[in-house]
Amino acid sequence: MRPKHSQHSIPTFPVYSCAFLSDSTFVVGGGGGAARSGIKNKLRLYEVSQDRSIQQQDEFELEKGEDAPMSMAAHAETSTIVCGVNSPETELANGLNENCRVYNVKENKIIPLRTKGTLSSGDLEEYQKVTVLSPDGALLAVAGPHDLVVLSYPSLNPIAEPIHTEKEIYDAAFSEDSLIILTTHSLLVYSLPKDDASPPSKGKQKGKSKTKSSGEKISTAALLLLNTVNVPSDTFGEGSTFRQIKLHPVDATVAYTVINTNPPRSRQKKSVSRQGFITKWNIKSWSIEKSRKVGDKGVTCLDLSADGRYIGFGSSELSVGLLDATTLAPCATILKAHDFPPTVVKFNPSATLLVSGSPDNTLRVVTVPLTTSNSGSGTFLLILALVIIILSILLQLYLKQ
């Protein structure tokens, strides 16, 4: 099915992050990055209508030398967004980086609230590539390439020791009682504390305690690693990697991941193209229930609607697609959605619209087809009706003889 969609050009504004605050309000982060490209780094507030038109409401320009907002999450109840923005290079060189930024959106204005430094390596190439809020909005996970920190929200106080990973981090997700960190090669499942004041402490999980000015203790014990789930190489081949993860908002036993294959190159044989798969997992047993190839190139971004019905994705093939989250059946595809691979796709809260963004200075707004979830059963009923009609005609012809 081909859905209705509209492209919007936003000159000199490469898009890297996006989050919805309401059905009709979303924030976009982008810009030229830390390089002296002449393209300023900004946050923009847009209002979108059901006819897919957008109207810019506000623009917040970041300070000179600061990086583009590369990842973003929204907390609708407090009308706040959290994003990753590196400090200027002069501060990074001294090991100072207020990379975690919180902004309030009030009366159509983007207002800075607070910052927190979680990246301290001083590496100019390191940035906050993961920003994820827990479903209840109480916890925030932020990560660079190899280190993730869990913070309480909105205070931004750490609740545990930072987690260091050998492989590169690409995403994270919260369940009710666990944190899942997605690296290129593994899913790392950690237990969450019952509350901010009492994280788990078993065996070697010894921790430190810091005290706030109010006298409240903040425990920084290490989180307990419960499970490690590797990329199933027997199914997808050696060299395949995870890209993103989303947990089902209604069914606590279901998760979705992106797995991109990376076939080995050979001079003797024609190299196989890289392929992108979306997989549906049962997280009780960590077994794959379904898997669907969605492209002959890698999948670059993923989102799951708030009602758990639809999956949206962007591909290196420059396309944007929709899947039924239950069956993984294709619902819609836009083949040439952007000139560069999409960096972000986001549903609005009611799942009536999907917004995609790209470094090609464009946004695309897609109307989610209302009948997609019933398309499979609708086709079956149509075929059944045609069979019944044909049989009745044949029966009448037989009786006339």
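Residues numbered from 1 in each chain as written. Predicted model: local features only at pLDDT ≥ 70, side-chain atom pairs only at ≥ 80, totals over all residues. Heavy atoms only, no water.

## Here we look at unusual backbone geometry
Residue Pro 154 is bonded to the preceding Tyr 153 through a cis peptide linkage, with omega at 15°. When you line up the elements, Pro 154 lands in the loop between strand 12 (147-152) and strand 13 (163-164). Unlike most non-glycine residues, Ser 79 shows phi in positive territory, near 55°. (Helix = DSSP H or I, 4+ residues; strand = E, 2+ residues; numbered from the N terminus.)

## Here's the deal with the sheet that holds strand 26 (residues 320-324)
Spatial strand order, 24-25-26-27: four strands in an open sheet with antiparallel pairing. Strand pairing shows two members of the sheet lacking a second neighbour, strand 24 (299-304) and strand 27 (330-334), which therefore form its edges. Taking the axes of each pair of neighbouring strands and ignoring which way they run, one obtains an average angle of 15° across the sheet. (Pairing = 2+ DSSP bridges. Axes fitted to C-alpha atoms, helices over the stretch in contact; angles between N-to-C directions.)

## Details of the UniProt feature "repeat: WD" (unreviewed entry) in the chain
Within this numbering scheme, the UniProt entry marks residues 335-365 as carrying the feature "repeat: WD" (unreviewed entry). Between the C-alpha atoms that bound residues 335-365 the distance is 14 Å, and the span itself is 0% helix and 45% strand. (UniProt positions renumbered as here; feature names shortened; annotations may be inferred.)

## A few points about the packing of aromatic side chains
Inspection of the entire model under this criterion finds six aromatic pairs. Taking 5.6 Å as the distance between ring centres and 20° as the angle between the ring planes, the aromatic pair formed by Phe 26 and Tyr 46 counts as stacked. With a gap of 20 residues between them, Phe 26 in strand 3 (residues 25-30) and Tyr 46 in strand 4 (residues 42-48) connect regions that are remote in the sequence. Side by side, Phe 26 and Tyr 46 carry an identical accessibility label, which is buried. Between Phe 60 and Tyr 103 the ring centres are 5.3 Å apart and the planes differ by 65°, which places this aromatic pair in the edge-to-face class. Here the residue Phe 60 occupies a position in strand 5 (residues 54-61), and Tyr 103 occupies one in strand 8 (residues 100-106), the gap between them amounting to 43 residues. Exposure remark for Tyr 103: the relative accessible area of 3% places this residue in the buried category. Taken together through their ring pairs, the aromatic side chains of Phe 20, Phe 26 and Tyr 46 make up a single cluster. The ring of Phe 13 has Arg 44 lying over it, and the distance from NZ or CZ to the ring centre is 4.4 Å. (Phe/Tyr/Trp six-rings, centres within 6.5 Å; stacked < 30°, edge-to-face > 60°. Buried < 20%, exposed > 50% of the residue type's maximum accessible area, 1.4 Å probe, protein only. Lys NZ or Arg CZ within 6 Å of the ring centre and 35° of its normal.)

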